[in-house]
Amino acid sequence: MKFSPFVAAILILLSLNECHGQAPAVQDGDANAKSGSDATSRRPNVIVILADDLAVGDLAGGDGSPTRTPNLDRFASESIQFSQAYSGSCVCAPARAALLTGRYPHRTGVVTLNMNKYPEMTRLRRDETMIADVLKDAGYATGLVGKWHTGRGDGFHPLDRGFDVFEGFFGSDDVGYFRYPFSEQRQISDVDESYLTDDLNRRAIEFVRRHHEHPFFLHLAHYAPHRPLEAPSEVIARYRDQGFDESTATIYAMIEVMDRGIGELLSEIDDLGLSEDTIVLFASDNGPDPLTGERFNRELRGTKYQVNEGGIRVPLFVRWSKRLAPGQRDQMVTFVDLMPTILDLCRVDVSMLNRLDGESFVPVLKNASIAHSTMRFWQWNRASPNYTHNAAVRHRRYKLVRPYVTRGAKLKDSTEPSVLFDLQNDPTESRDVSKQYPDIAERMSRELDRWSASVETDRLRPVKIPRDVQ
């Protein structure tokens, strides 16, 4: 068959793109391209799996017990694993805001936890651009299965924030694992005939089956192992028989059920022939909940609610079969880096209303020796932010921490001195070296002050809703 010179040139260019495994970037004219178009069909699918209150020590049986996460352990071996990955916060709602926007949570308006008590401080501002918005505009089918903890009310529902499908629940609800309120799109009902974690995994698999012929973005936001501690009794018994206390045995059982379902999801991707076309990421939103008791967490200091390593250091695995070689990475990456990285991998360009705080770490995925962002910040307290409490900045090997003081909501400025840790030589944050390196401590404290002023100003900025979402 003969082609015109113009058509022949086009075919050659398309074949070159396929040979190099690259999907073309979105141009200004194809932001609303159909998902079945040639350009969109070559973009990879993306699945972001997020556990809730899962610690880095919960994986791979690191405490010497038999592994309870065989599927995640295998998935990790097929992935690029980050040894110094950080959440965007030490608690769940702000962490999710960072993941979904690529910005520090304070800028997005999500700064605390209770959606009922603090509705205006637990919902993403309408003038924030979310990853689902961008990928939907690029032709992706977008779905959220599981926990949504970043807004309630008109204009703040997941379906108003770029998701085509929402099958899940809101934060700050009375959610159990054997009985729970559940939303399908905007319709809410009570469910009591299944176990929540199994239900979410099943729905994630069904979403993939429905959309496997076209590019999709799926955010599977698990609740496990968040309180309340509930799991099938026969699974709990296996860990109780190993000598774990009731709380820890239940948590490990909850994680095992989640792991089993994630394994089924990954198997479904393989069965559909999507492994080489699907980027899969796994992480947790923050460290372990102290109210559930102590368990092994690699001797990291602190827990959920604290900006010490135990509260913000999380597992992060990134798999793209035959595109990214599995391996270990020691560069520091955080949740604000995930959105720009995913968009970079998908070759999707976007004009943002607000500046991203994160940076793509695609170069790190391709080359273990490439440097990445060298300064990141965290802060959290209940209700309105007070940056003298529970704040931290990390710059290369050093981390400055303003200590966690209280769970109270009405805070006076803390008078506790900042502490400086050398994480390279002291990963468990056991030795304050601020007197040994006073210049470093002072400089990092100034940087933390500058960041605090910047994000607080942005948090309180006037509401400017983009015309296309009014």
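In what follows, the structure referred to is the one given above.
Predicted model only: the values in this text are computed from it and were never measured.

Scoring rules and cut-offs
- Residues numbered from 1 in each chain as written.
- Predicted model: local features only at pLDDT ≥ 70, side-chain atom pairs only at ≥ 80, totals over all residues.
- Heavy atoms only, no water.
- Helix = DSSP H or I, 4+ residues; strand = E, 2+ residues; numbered from the N terminus.
- Buried < 20%, exposed > 50% of the residue type's maximum accessible area, 1.4 Å probe, protein only.
- Pairing = 2+ DSSP bridges.
- Salt bridge = Lys/Arg side-chain N within 4 Å of Asp/Glu carboxyl O.

1. Describing unusual backbone geometry
Leave glycine aside and you will find that most residues have negative phi; peptide bonds, for their part, are mostly trans. A cis amide bond links Ala224 to the next residue, Pro225, at an omega of 0 degrees. Among the secondary structure elements, Pro225 is positioned in the loop between strand E7 (216-221) and helix H8 (233-240). The omega torsion across Arg227 and Pro228 is 5 degrees, close enough to zero to call that bond cis. Summarising the element assignment, Pro228 is placed in the loop between E7 and H8. Non-glycine residue Glu299 carries a positive phi angle of around 65 degrees. Structurally, Glu299 is set in the loop between strand E8 (278-284) and helix H10 (309-312). Here the phi dihedral of Glu429 falls at roughly 55 degrees; this positive angle occurs in a residue that is not glycine. Mapped onto the secondary structure, Glu429 falls in the loop between strand E15 (419-422) and helix H13 (438-459).

2. Focus: the pairing of strand E13 (residues 391-395)
Across the 5 residues of E13, 5 count as buried, placing the element largely inside the fold. The alternating pattern of E13 places Ala391, Val393 and His395 on one face and Ala392 and Arg394 on the opposite face, and all of these are buried. Sheet topology places strand E12 (residues 375-379) next to E13; 5 bridges connect them, and they run antiparallel. Note that in E13 the partner of Trp378 across the bridge is Ala392. Sheet topology places E13 next to strand E14 (residues 398-402); 5 bridges connect them, and they run antiparallel. Within the sheet, the bridge partner assigned to Ala391 lies in E14 and is Arg402. What sits between the antiparallel neighbours E13 and E14 is a turn of 2 residues, in which Arg396 has the positive phi angle 55 degrees.

3. Focus on the pattern of salt bridges
Counted under the stated rule, the structure contains 42 salt bridges. Glu246 is the partner of Arg240 in a salt bridge, and the nearest nitrogen-oxygen pair spans 2.9 Å. Residue class for Glu246 comes out partly exposed when judged on its relative accessible area of 44%. Ionic contacts of the salt-bridge type, sharing partners, join the residues Arg103, Arg107, Arg125, Asp127, Glu128, Arg355, Asp357, Asp458 and Arg461 into one network.

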